[in-house]
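Residue-level structure breakdown
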Amino acid sequence: MTETFHEFVVHRSPALSRTAYLLTGDHQLAEDLVQTALARTYRHWRRIRDGDAEAYVRRVMYHQQVSWWRRRRLAERLEAEPTEQAGADHSDTTALRLTLTAALRHLTPRQRAVIVLRYYEDRTEAQVAEMLGCSIGTVKRHAHDAIRRLRTVAPELVDTAAERSTR
């Protein structure tokens, strides 16, 4: 049992960590989220190893993130823009990543989960609804509200997406 779980952790941790970072917006919280999800998964490993273990872990991550948010009930704050360092080379990719990270912080945890699942992991609305335990209509509503908010707080992302699609 522990061998297959260990192999799963070794092979899937990088992908799970990226998703956790997109959900939390913070590297340390992302690490905590992955560890918590893997610990909960390990308790049920015998039951889920025959099924889709990664889907199970991701679902635990999404639910755990929402649970943490509910417990804290703290207003999300935007960090101050990073100060320019002399001689630092800021590429377009880095700027885009920082803009996206800041924009994602404006979303509620549920909206962020929908955006990450739909557009980062390229899941269908039905898959997202199943993973989050809600209806397809709820997924559509969260996606619509999140995209509208992203367009408001980071209009440069819309310009970047349009520019990339014409290349």
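Residues numbered from 1 in each chain as written. Predicted model: local features only at pLDDT ≥ 70, side-chain atom pairs only at ≥ 80, totals over all residues. Heavy atoms only, no water.

**A closer look at the overall build of the chain**
How we decide: Counting from the N terminus, the helices are DSSP H or I runs at least four residues long and the strands are E runs at least two residues long. Here's how the labels work: a residue is buried when its accessible area is under 20% of the maximum for its type, exposed when over 50%, partly exposed in between, all with a 1.4 Å probe on protein chains only. Areas reported as accessible are Shrake-Rupley estimates using a 1.4 Å probe. Residue values count occlusion only from the protein chains shown.
Counting secondary structure elements, the chain contains nine helices and zero strands. Start at the N end of the chain and walk to the C end: the helices and strands fall as α-α-α-α-α-α-α-α-α. Out of the 167 residues in the chain, the part that is buried amounts to 35%. Taken as a whole, the chain presents about 10,800 Å² of accessible surface, with 50% of it coming from carbon and sulfur.

**Some details on the packing of aromatic side chains**
The condition that has to hold: For Phe, Tyr and Trp, where Trp contributes only its six-membered ring, two rings pair if their centres lie within 6.5 Å, and the inter-plane angle classes them as stacked under 30 degrees, edge-to-face over 60, or tilted in between.
On inspection of all chains with the given rule, the structure shows three aromatic pairs. Taken together, a centroid distance of 4.9 Å and an interplanar angle of 65 degrees make the contact between phenylalanine 5 and tyrosine 42 edge-to-face. Taken together, the residues phenylalanine 5 in helix H1 (residues 2-24) and tyrosine 42 in helix H2 (residues 27-43) connect sequence positions 37 residues apart. Overall, the relative accessible area of 11% leaves phenylalanine 5 in the buried class. Its relative accessible area of 32% is what places tyrosine 42 among the partly exposed residues.

**Notes on H2**
What counts is decided by this rule: Helix span, as expected, comes to 1.5 Å for every residue beyond the first. Relevant arc is that of directions from the helix axis to the C-beta atoms, nothing else.
Taking 1.5 Å per residue, 17 residues should reach 24 Å; H2 reaches 25 Å between its end C-alpha atoms and fits that length. When we look at burial in H2, the residues that qualify are Ala30, Leu33, Val34, Ala37, Leu38 and Thr41. Within H2, the buried residues cover an arc of 125 degrees as seen down the axis, which keeps them to one side. Turned more than 90 degrees from where H2 packs its buried face, Gln28, Glu31, Gln35 and Arg43 sit exposed.

**Describing the confidence of the model for the chain**
We apply this condition: In predicted models, pLDDT denotes the confidence assigned by the predictor to each residue on a 0 to 100 scale. Throughout, a contact is declared for two residues whenever any of their heavy atoms are within 4.5 Å.
Residues at a pLDDT of 70 or more form 79% of the chain, whose mean pLDDT is 80. The secondary-structure element of the chain with the lowest mean pLDDT is helix H9 (residues 155-165), recorded at 62, while helix H8 (residues 136-153) shows the highest, at 93. A low-confidence stretch, residues 73-83 (pLDDT under 50), is modelled with 11 contacts involving residues beyond four sequence positions or located in other chains.

**Points about helix H5 (residues 92-104)**
Between the first and last C-alpha of H5 there are 18 Å, a value that for 13 residues agrees with the 18 Å anticipated at 1.5 Å per step. Within H5, the full set of buried residues consists of Thr101, Ala102, Ala103 and Leu104.

**Some words on the nonpolar core**
Threshold: In plain words, nonpolar cores are sets of buried Ala, Val, Leu, Ile, Met, Phe, Trp, Tyr and Cys residues tied together by side-chain atoms within 4.5 Å. What fixes the domain bounds is an automatic or database domain assignment.
Among the nonpolar cores identified, the biggest contains 38 residues, and Leu23, Leu38, Val57, Met61, Tyr62 and Leu132 are the most heavily contacted of them. Of the residues that make up this core, three or more belong to each of domain 1 (1-76) and domain 2 (84-167). Apart from the residues within four sequence positions on either side, leucine 23 is in contact with Leu33, Met61, Tyr62, Gln65, Arg112, Ala113 and Val116.

**Focus on unusual backbone geometry**
Peptide bonds are trans in most cases, and residues, glycine excluded, mostly fall at negative phi. Phi is positive for aspartate 122, close to 55 degrees, though the residue is something other than glycine. Structurally, aspartate 122 is set in the loop between helix H6 (109-120) and helix H7 (125-132).

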